[in-house]
Amino acid sequence: MVVCSQCGEVPLPRCSVHLTYHSANGRLMCHYCGYSHPLPPVCPQCGGRFQFVGIGTQKLQEELQALYPDTEVMRMDADTVTATHSHEVLLDRFRRKKVPILLGTQMVAKGLDFPNVTLVGVVDGDLSLYADNYRAAERTFSLLTQVVGRAGRGDKPGRAVIQTWSPDNDVINLAARQDYDTFYRGEREMRRMLRFPPFLDLFRITISGPEESQVLRACAVVRRSLEPWIKPRQHGPEGPEVLGPAPAPVLKVNNRYRYRVLVKCRNGKEIRALLAQVLRAAQQDKANRGLSILMDVNPMD
């Protein structure tokens, strides 16, 4: 991302997430709505100079090439994987020409089998650990164990190095040791305590629109409509619970505000019928004109 070194301005034109600078084309790009524009020479607010914060694959490639100027570094990410340079074409070149260093995003972590790979490095190994999803620990563990398993698949021994800001985190350490059983037991107990799937189901209702106050009102109406059914049944380990309204992890995408109402309960015919009725009423309410109302069960994102 870029930030003005004088006034702290961060370009956020359409979404409440920073734009990513792509040095290949000199543009700032939003990975949510697709908006892009050239990097301004100076800050449009105060005329100050922009500075770059964070590390992406392009920056890592520059660092590697500076450290190893006579060694080829192949990069595989959204910018390099195109119609003519597909995922398979790049990997085939890595295999046939034995390119010494392959650098990439998560796409290089899964399912690759190269016997001569002896060293794997992970940068920001905990990046997905604190995502706003009940499966964050599971995903982080899965990704790290997969990428660690890319090293030493042939006759030569392998080594993996994980860079993390959370070196004492159990998920990171168990992934480094590839200790599946201990991770499963701990994650299962955590989900039981928090009443997350598979112990209860999670219904997520997302309402989005151009006016934040209108979206919040619609969410509040949805919650109030659910409470008469939920409150008498709240007792017991499987009692239903309603949470929210709460902003989505990225509140605004393409100039539309997004808020969520969550319902924890067992997935059954009664709750499905109630949710269908509540959502149908919300969609037909004239006060919600222009809003998008969606629901998913046990969301993956």
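Quantities reported herein were computed from a predicted structural model and do not represent experimental measurements.

Novice: What should I look at first to understand the overall build of the protein chain in this one?
Specialist: Secondary structure assignment for the protein chain yields seven helices and 13 strands. A principal-axis box enclosing the C-alpha atoms of the protein chain has dimensions of 70 × 55 × 35 Å. The proportion of buried residues among the 301 residues of the protein chain is 36%. A separation of at least 24 residues holds for 64% of the contacts in the protein chain among residues at least 6 apart in sequence.

Novice: Quick question: what am I supposed to make of the packing of helix H6 (residues 212–230) against helix H7 (residues 269–284) here?
Specialist: Axes are the key here: two packed helices are described by the angle between their axes and the distance separating the axes. Close contact between H6 and H7 brings their axes to 10 Å; oriented N to C, the two are set at 150°. In this view, H6 runs roughly antiparallel relative to H7, as classed from their interaxial angle. Between H6 and H7 lies a crossing of right-handed hand. Contact with H6, carried on its side by Val222, Ser225, Leu226 and Trp229, involves Glu270, Ile271, Leu274, Leu275, Val278 and Ala282 of H7 and no other residues of that element. For the contact of H6 with H7, a count of residues per class yields eight nonpolar, one polar and one charged.

Novice: Looking at this model, I keep getting lost on the environment of Gly209. Mind explaining?
Specialist: Its location among the elements puts Gly209 in strand E10 (residues 201–209). Along the backbone, Gly209 and Pro100 are 109 residues apart, and their C-alpha atoms lie at a distance of 49 Å. Excluding residues within four positions of it along the chain, Gly209 makes contact with Val215, Asn255, Arg256, Tyr257, Gly290 and Leu291.

Novice: What is the right way to read the side chain of Asp126 from this model?
Specialist: Take Asp126: it is sitting in the loop between strand E8 (119–122) and helix H3 (136–148). No salt bridge is formed by the buried Asp126. Its closest oppositely charged neighbour is Arg139, at 15 Å. Side chain to side chain, Asp126 and Thr164 meet in a polar contact 2.9 Å long.

Novice: I tried to follow the packing of aromatic side chains on my own but got confused; where do I start?
Specialist: The way to describe two aromatic rings as a pair is by their centre distance and the angle between their planes. A full pass over the atoms with the stated rule returns four aromatic pairs. Between Tyr21 and Phe52, the aromatic rings sit 4.9 Å apart at their centres with planes inclined by 40°, giving tilted as the arrangement. Residue Tyr21 is located in strand E2 (residues 20–22), and its partner Phe52 is located in strand E5 (residues 50–52); the two are separated by 31 residues in the primary sequence. A relative accessible area of 26% places Tyr21 in the partly exposed class. Aromatic pair Tyr134 and Phe196: ring centres 5.8 Å apart, planes at 25°, arrangement stacked. One end of the pair, Tyr134, is in the loop between E8 and H3; the other, Phe196, is in the loop between helix H5 (180–194) and E10, and 62 residues separate them in sequence. Classification of Tyr134 by relative accessible area gives buried; the value is 13%. Every member of this aromatic cluster is reached through a ring pair, and the members are Phe141, Tyr180 and Phe183. When the ring centre of Phe196 is taken as reference, the NZ or CZ atom of Lys264 above it lies at 4.2 Å.

Novice: Just to check I follow, could you spell out the state of the cysteines for this structure?
Specialist: Two cysteines, two sulfur atoms, one covalent bond between them: this is a disulfide. One pass over the structure, following the stated rule, counts zero disulfides. Here Cys43 is not cross-linked by a disulfide; its sulfur's nearest cysteine counterpart is in Cys7, at 3.8 Å. Here Cys46 is not cross-linked by a disulfide; its sulfur's nearest cysteine counterpart is in Cys4, at 3.5 Å.

Novice: Help me understand the sheet that holds strand E12 (residues 256–265), please; the structure alone is not making it clear to me.
Specialist: As a general point, the strands of a sheet are linked pairwise by backbone hydrogen bonds and lie either parallel or antiparallel. An order of E11-E12-E10-E13 is seen for the four strands of this open sheet, with the pairing classed as antiparallel. The two strands at the open ends of the sheet, each matched to only one other strand, are strand E11 (241–253) and strand E13 (292–297). For this sheet the average axis-to-axis angle between neighbouring strands, irrespective of direction, equals 20°. Packed on one face of the sheet, H7 meets E10, E12 and E13 and runs near 165° to E13.

Novice: Explain the sheet that holds strand E4 (residues 36–38) here, please?
Specialist: Spatially, three strands are ordered E2-E3-E4 in an open sheet, and the strand pairing comes out antiparallel. Two strands in the sheet have a free side with no partner beyond their single neighbour: E2 and E4. Within the sheet, the average angular offset between the axes of one strand and its neighbour, ignoring direction, is 30°. Across three bridges, the pairing between E2 and strand E3 (residues 27–29) is antiparallel. Looking across to E3, one finds that His22 is bridged to Arg27.

Novice: Looking at this model, I keep getting lost on the nonpolar core. Mind explaining?
Specialist: The nonpolar side chains of a soluble globular protein tend to be buried with one another. Judged by nonpolar contacts, the single largest core of 26 residues is most densely connected at Phe94, Phe114, Phe141, Val147, Val171 and Phe183. The element best represented in this core is H3, accounting for six residues.

Novice: Honestly, a nonpolar patch on the surface in this entry has me stumped. Any pointers?
Specialist: A surface patch of nonpolar side chains, amounting to about 300 Å² of accessible area, comprises Met190, Met193 and Leu194. Considering the arrangement of structural elements, one finds Leu194 in helix H5.

Conventions we followed
- Residues numbered from 1 in each chain as written.
- Predicted model: local features only at pLDDT ≥ 70, side-chain atom pairs only at ≥ 80, totals over all residues.
- Heavy atoms only, no water.
- Helix = DSSP H or I, 4+ residues; strand = E, 2+ residues; numbered from the N terminus.
- Buried < 20%, exposed > 50% of the residue type's maximum accessible area, 1.4 Å probe, protein only.
- Contact = heavy atoms within 4.5 Å.
- Axes fitted to C-alpha atoms, helices over the stretch in contact; angles between N-to-C directions.
- Parallel < 35°, antiparallel > 145°, perpendicular 65-115°, else oblique.
- Left-handed = near helix turned anticlockwise from the far one by under 90°.
- Nonpolar A, V, L, I, M, F, W, Y, C, P; charged D, E, K, R; others polar.
- Lys, Arg positive; Asp, Glu negative; His and termini not counted.
- Salt bridge = Lys/Arg side-chain N within 4 Å of Asp/Glu carboxyl O.
- Polar contact = N/O pair within 3.5 Å; in protein donor to acceptor, adjacent residues only side chain to side chain.
- Phe/Tyr/Trp six-rings, centres within 6.5 Å; stacked < 30°, edge-to-face > 60°.
- Lys NZ or Arg CZ within 6 Å of the ring centre and 35° of its normal.
- Disulfide = S-S within 2.5 Å.
- Pairing = 2+ DSSP bridges.
- Core = buried A, V, L, I, M, F, W, Y, C linked by side-chain atoms within 4.5 Å.
- Patch = residues over 30% accessible without salt bridge, like charges linked within 9 Å, V, L, I, M, F, W, Y side chains within 5 Å.
- Areas by Shrake-Rupley, 256 points an atom, 1.4 Å probe, with all protein chains shown as cover.

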